[in-house]
Amino acid sequence: MTNMDDWIRQKSGVSNDAAFAIDSENLFASLGVDVFKKLSRSFYDRVYADEVVWFRNIFKNKDKEEAIQNQYEFFIQRMGGPALYSERKGHPALAARHMNFNMTEKAAERWLFHMRAALESVPEIDEPLRKKMYDYFAHTAYFLSFRVSQKN
Ligand code: HEM
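### Focus on the environment of Arg116
Here is step 1 of the chain: By secondary structure assignment, the location of Arg116 is in helix H9 (residues 105-120).
Here is step 2 of the chain: Here Arg116 falls in the partly exposed class, since 15 other C-beta atoms lie within 10 Å of it.
Here is step 3 of the chain: Remark: the alpha-carbon pair of Arg116 and Glu25, spanning 91 residues in sequence, is separated by 21 Å.

Below you can see the structure in the form of structure tokens.
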């Protein structure tokens, strides 16, 4: 196990196995397009209205509607649905695409705070699915914060 894996597990509290439990079933087949759209809208409604200004400002030059579409298309593709994101934008390359943002651990924490609330706001996502998705998000958020923090 690399230092990165250890660090991510420690920060997120999520093992690799738990993070990738999203691949043990087809979440897209269970949830469908509209649920993913709802989740991303709820998430970005929270982010763009965040009272925590430094976090909200990470998104200030980005169009909200486009951010919503980027996110739900990526989630759909990653969770068993059609490759909508890649058909439109190419490889997700998440670490590279986050390189210019202020991806601190605090930012990961705040991103996850909003994602937890967004998941809870969508009743179609039941508790076991919510946990699976949250574990994947938490693991990925700290992965991104680790990768981007190593860029120099
Ligand atoms: C750790 C905290 C995070 C911060 C501060 C952050 C910040 C951002 C920002 C500012 C954007 C640009 C908005 C746009 O134009 O789409 C973005 C895009 C995106 N983020 Fe994150 N993000 C975080 C975590 C995550 C996680 C955990 C995932 C996936 C599980 C993710 C997936 C994406 C995707 C797919 C895009 C669209 C990229 C593009 O097409 O350019 N992000 N993020």
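### Let's talk about helix H4 (residues 33-48)
Here is step 1 of the chain: Between its first and last C-alpha atoms H4 spans 22 Å; for 16 residues at 1.5 Å apiece the expected length is 22 Å, and the two agree.
Here is step 2 of the chain: At its buried positions, H4 is contacted by helix H3 (27-31), helix H5 (53-57), helix H6 (64-78) and H9.

### Quick word on the site of the ligand
Here is step 1 of the chain: Contacts to the ligand come from 23 residues, most closely from Ala67, Asn70, Phe74, Ala108 and Trp111.
Here is step 2 of the chain: At the level of elements, H6, helix H8 (94-97), H9 and helix H10 (127-149) are the ones that each hand at least two residues to the shell around the ligand.
Here is step 3 of the chain: Taken together, the residues of the shell around the ligand sort by class into 14 nonpolar, 5 polar and 4 charged.

### Thoughts on the environment of Tyr85
Here is step 1 of the chain: Within the secondary structure layout, Tyr85 lies in helix H7 (residues 84-89).
Here is step 2 of the chain: Overall, the presence of 21 C-beta atoms within 10 Å leaves Tyr85 in the buried class.
Here is step 3 of the chain: Remark: the alpha-carbon pair of Tyr85 and Asn70, spanning 15 residues in sequence, is separated by 6.7 Å.

### Here we look at unusual backbone geometry
Here is step 1 of the chain: A positive phi angle, near 35 degrees, is found at Ala93, a position not held by glycine.
Here is step 2 of the chain: Mapped onto the fold, Ala93 is located in the loop between H7 and H8.

### Considering the nonpolar core
Here is step 1 of the chain: Counting residues in hydrophobic clusters, the biggest one holds 36 residues, and the most contacted among them are Phe36, Phe137 and Ala141.
Here is step 2 of the chain: At the level of elements, H3, H4, H6, H9 and H10 are the ones that each hand at least two residues to this core.
Here is step 3 of the chain: Sort the elements by how many residues they give to this core and H10 lands first, with 10 residues.

### Brief notes about the packing of helix H1 (residues 3-12) against H10
Here is step 1 of the chain: One can describe the packing of H1 onto H10 by two numbers: an axis separation of 9 Å at closest approach and a directional angle of 125 degrees. It follows from the interaxial angle that H1 and H10 lie oblique. When the axes of H1 and H10 are compared, the crossing they make is right-handed. Residues Met4, Trp7, Ile8, Lys11 and Ser12 of H1 pack against Ala138, His139, Tyr142, Phe143 and Phe146 of H10.
Here is step 2 of the chain: For the contact of H1 with H10, the per-class residue count stands at 7 nonpolar, 2 polar and 1 charged.

### So, the environment of Ser40
Here is step 1 of the chain: Along the chain, the position of Ser40 falls in helix H4.
Here is step 2 of the chain: Ser40 gets classed as buried once you count the C-beta atoms within 10 Å, which come to 23.
Here is step 3 of the chain: In contact with Ser40, not counting residues within four places along its chain, are Ile68, Gln71 and Tyr72.

### A look at H9
Here is step 1 of the chain: Taking 1.5 Å per residue, 16 residues should reach 22 Å; H9 reaches 23 Å between its end C-alpha atoms and fits that length.
Here is step 2 of the chain: Of the positions making up H9, those classed as buried are Ala107, Ala108, Trp111, His114, Met115 and Ala118. Along H9, the residues classed as buried sweep out an arc of 130 degrees about the axis, all on the same side.
Here is step 3 of the chain: Next to the buried residues of H9 lie H4, H5 and H10.

Each value, and the rule that gives it
Residues numbered from 1 in each chain as written. Predicted model: local features only at pLDDT ≥ 70, side-chain atom pairs only at ≥ 80, totals over all residues. Helix = DSSP H or I, 4+ residues; strand = E, 2+ residues; numbered from the N terminus. Buried ≥ 20, exposed ≤ 12 C-beta atoms within 10 Å, placed from the backbone. Expected span 1.5 Å × (residues − 1). Contact = placed C-beta atoms within 7 Å. Near = placed C-beta within 6 Å. Nonpolar A, V, L, I, M, F, W, Y, C, P; charged D, E, K, R; others polar. Core = buried A, V, L, I, M, F, W, Y, C linked by C-beta atoms within 7 Å. Axes fitted to C-alpha atoms, helices over the stretch in contact; angles between N-to-C directions. Parallel < 35°, antiparallel > 145°, perpendicular 65-115°, else oblique. Left-handed = near helix turned anticlockwise from the far one by under 90°. Arc of directions from axis to C-beta.

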